[in-house]
Amino acid sequence: MASVAGTAFSVSARPPPRSLQVFNGLSVVKSVSFANQRKSIPSLRSHPATSRFRVSCAAKPETLEKVCKIVKKQLALPESATVAGHSKFADLGADSLDTVEVVMGLEEAFGITVEEDSAQSIVTVQDAADLIEDLVCAKSS
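Residues numbered from 1 in each chain as written. Predicted model: local features only at pLDDT ≥ 70, side-chain atom pairs only at ≥ 80, totals over all residues. Heavy atoms only, no water.

Trainee: Please set out helix H4 (residues 125–140) residue by residue, giving values where relevant.
Mentor: With 16 residues, H4 should cover 22 Å at 1.5 Å per step; its first-to-last C-alpha distance of 23 Å lies within 8% of that length. Of the residues making up H4, those classed as buried are Val125, Gln126, Asp127, Ala128, Ala129, Asp130, Leu131, Ile132, Glu133 and Asp134. (Helix = DSSP H or I, 4+ residues; strand = E, 2+ residues; numbered from the N terminus. Expected span 1.5 Å × (residues − 1). Buried < 20%, exposed > 50% of the residue type's maximum accessible area, 1.4 Å probe, protein only.)

Rendered as structure tokens:
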């Protein structure tokens, strides 16, 4: 029997269409990620446009911490507000314009460029941190 402690698990999916389409045995699951506060572990993401899997590492704790600080600053949240990996931008009071401004702030802080389709897939702070980690790794490769 397996036991997992101190770990987050998330699955995001679009509502199934009237007739559920399956590609290569995969349904409409958009992303599956596993995150651990102490170390990075793999995450799997399926990109709908290409229907390919991509394996990436979850963001480093220091990346997530920096993203949380930037989000808090960009959204002008009070010091007492808690921003964590699982925080959804909508729950933090961000509208679409706020989210664009947050992404621009992240691009500037990390010296990266986020493509529009990637930016639209960001729902949580962890999503943003994972994307940034991938882009920073790709840039340094």
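Trainee: Outline a nonpolar patch on the surface, supporting the account with residue identities and numerical values.
Mentor: A cluster of nonpolar residues, Leu97, Val100 and Met104, forms a patch on the protein surface that exposes about 300 Å² of accessible area. Relative to the elements of secondary structure, Val100 occurs in helix H2 (residues 96–110). Val100 gets classed as partly exposed once you look at its relative accessible area, which sits at 45%. (Patch = residues over 30% accessible without salt bridge, like charges linked within 9 Å, V, L, I, M, F, W, Y side chains within 5 Å. Areas by Shrake-Rupley, 256 points an atom, 1.4 Å probe, with all protein chains shown as cover. Salt bridge = Lys/Arg side-chain N within 4 Å of Asp/Glu carboxyl O.)

Trainee: Lay out H2 with the relevant residues and their values.
Mentor: Under the 1.5 Å per step criterion, the end-to-end length of H2 is 21 Å for 15 residues, consistent within 8% with the ideal 21 Å. Looking at H2, one finds that the buried residues are Thr99, Val102, Val103, Gly105, Leu106, Glu107 and Phe110. If you follow the buried residues of H2, they end up packed against helix H1 (61–74), helix H3 (116–120) and H4. Two or three places before Leu97, at the opening of H2, Asp95 has a side-chain oxygen 3.1 Å from that residue's backbone nitrogen. Positive phi shows up at Gly111, right after H2, with a value of about 65 degrees. (Contact = heavy atoms within 4.5 Å. Polar contact = N/O pair within 3.5 Å; in protein donor to acceptor, adjacent residues only side chain to side chain.)

Trainee: So what's going on with the environment of Leu77? Residues and values would help.
Mentor: The topology assignment puts Leu77 in the loop between H1 and H2. When the C-alpha positions of Leu77 and Leu92 are compared, they lie 8.3 Å apart, and in sequence the two are 15 residues distant.

Trainee: Give a description of the packing of aromatic side chains that names residues and reports values.
Mentor: Under the definition given, this model contains 0 aromatic pairs. A cation sits over an aromatic face here: Lys66 above Phe110, 4.5 Å from the ring centre. (Phe/Tyr/Trp six-rings, centres within 6.5 Å; stacked < 30°, edge-to-face > 60°. Lys NZ or Arg CZ within 6 Å of the ring centre and 35° of its normal.)

Trainee: Please provide a residue-by-residue account of the nonpolar core, values included.
Mentor: Val67, Val71, Phe89, Leu106 and Val125 are the most contacted members of the largest nonpolar core, which totals 25 residues. Contributions of two or more residues to this core are made by H1, H2 and H4. (Core = buried A, V, L, I, M, F, W, Y, C linked by side-chain atoms within 4.5 Å.)

Trainee: Requested: an account of the environment of Lys88, with residues and values cited.
Mentor: Turning to its location among the elements, Lys88 is positioned in the loop between H1 and H2. A residue is classified by how much of its surface remains accessible, and Lys88, at 41% relative accessible area, is partly exposed. Residues Lys88 and Val125, spaced 37 residues apart in sequence, show a C-alpha to C-alpha distance of 6.4 Å.

Trainee: Quick one: what's the story with unusual backbone geometry, residue by residue and with numbers?
Mentor: In the Ramachandran plot, Ala76 falls in the positive-phi region, its phi being about 50 degrees despite a non-glycine side chain. By secondary structure assignment, the location of Ala76 is in the loop between H1 and H2.

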